[in-house]
Amino acid sequence: MEAETLALAQEIDFSFWGLFARATLTVKLVMVILMVASFWAWAIIIQKLITYRAARREAAVFDQSFWSGEPLDGLFEQIGPEPKGSSQKIFAAGMIEWRRSHRTDGGLIAGAQARIDRSMDVAINKEAEALQKGLPVLATVGSTAPFIGLFGTVWGIMNAFIEIAEQQNTNLAVVAPGIAEALLATGLGLLAAIPAVIFYNKLSADSDRIVAGYEAFADEFATILSRQLDS
């Protein structure tokens, strides 16, 4: 009897696709949701890693140009009023407001410093929003995927026990497939959640550092303009 049970168990396909094919419709839906969530999370992770690397590179290049000693008006003429880089956009926002604050006679309109600061703050907020776009998805996947997988596991085990009761048989060939299918759902949930949580924390910290760099640049630029306003 034991040899027969082992023989039957060996004939069962325990591969991923085999377990998926034998799972109930509810467990299949859970697995599909988790696989889609995992692919979505990885797409965001890869896109953000590329974006953040490009943002750091652009900030370093612009920072070198800004502190090269070239006149600010000349630098602004080079990049234009609608630049593509984030640091350039913040600089352009300050320069545009700086120029708008001058009257036709060369004098400055009152409140120029406050308007320049607000213009750069708006530009920084837009760039921060673009950097953080998609991160809530990682947080959602990281927090919900284990529970979705657990739901699939509970449902699968429940059906496994129902099958055992109907067949009045508890041998390995009957129990193992249902339990394996159920546990696969938990495994997929963890497979989606763990990278999402790890990279959410990393990317959030990276985003905060990049935005802090933008804010530091805006403060330095505002200080330079403030000296010219007071002179």
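Computed from a predicted model, the values in this text were never measured in an experiment.

### Section: the overall build of the chain
Across its full length, the chain holds eight helices and zero strands. By the burial criterion, 40% of the 231 residues in the chain qualify as buried. Considering only contacts in the chain between residues 6 or more positions apart, those separated by 24 or more positions represent 77%. Total accessible area on the chain is roughly 13,200 Å²; 63% of this is exposed by carbon and sulfur atoms.

### Description of the environment of Val-122
Of note, Val-122 is situated in helix 6 (residues 112–132). Judged by its relative accessible area of 44%, Val-122 is partly exposed. For Val-122 and Ile-90, which are 32 residues apart along the polypeptide, the C-alpha to C-alpha distance reads 8.6 Å.

### A closer look at the nonpolar core
Phe-66, Leu-72, Ile-90, Phe-91, Val-141 and Phe-221 are the most contacted members of the largest nonpolar core, which totals 51 residues. When residues of this core are traced back to their parent elements, those giving at least two are helix 3 (25–66), helix 4 (72–79), helix 5 (86–100), helix 6, helix 7 (135–167) and helix 8 (172–230). Ranked by the residues each element gives to this core, the list is headed by helix 8, at 17 residues. For Val-141, the contacting residues outside a window of four places in its chain are Ala-37, Ala-41, Pro-146, Ala-192, Ala-193 and Ala-196.

### Quick look at the pattern of salt bridges
The tally for this structure, following the rule as stated, stands at six salt bridges. Between Lys-89 and Glu-127 there is a salt bridge, with its nearest N and O atoms 3.8 Å apart. With Lys-89 in helix 5 and Glu-127 in helix 6, this pair connects stretches of sequence that are 38 residues apart. With a relative accessible area of 11%, Glu-127 lands in the buried category. The closest approach of N and O atoms between Arg-115 and Glu-97, which form a salt bridge, is 3.3 Å. Residue Arg-115 is found in helix 6, and its partner Glu-97 is found in helix 5; the two are separated by 18 residues along the sequence. Here the salt bridges share partners, and the residues they tie into one network are Asp-73, Glu-77 and Arg-99.

### Considering the confidence of the model for the chain
Across the chain, the average pLDDT comes to 84, with 83% of residues at or above 70. Within the chain, helix 1 (residues 2–11) has the poorest average pLDDT of any element, 48, and helix 3 the best, 92. Every residue in residues 4–9 scores below 50 in pLDDT, and together they form eight contacts with partners more than four places removed in sequence or on other chains.

Cut-off values and rules
Residues numbered from 1 in each chain as written. Predicted model: local features only at pLDDT ≥ 70, side-chain atom pairs only at ≥ 80, totals over all residues. Heavy atoms only, no water. Helix = DSSP H or I, 4+ residues; strand = E, 2+ residues; numbered from the N terminus. Buried < 20%, exposed > 50% of the residue type's maximum accessible area, 1.4 Å probe, protein only. Contact = heavy atoms within 4.5 Å. Areas by Shrake-Rupley, 256 points an atom, 1.4 Å probe, with all protein chains shown as cover. Core = buried A, V, L, I, M, F, W, Y, C linked by side-chain atoms within 4.5 Å. Salt bridge = Lys/Arg side-chain N within 4 Å of Asp/Glu carboxyl O. pLDDT = per-residue confidence, 0-100.

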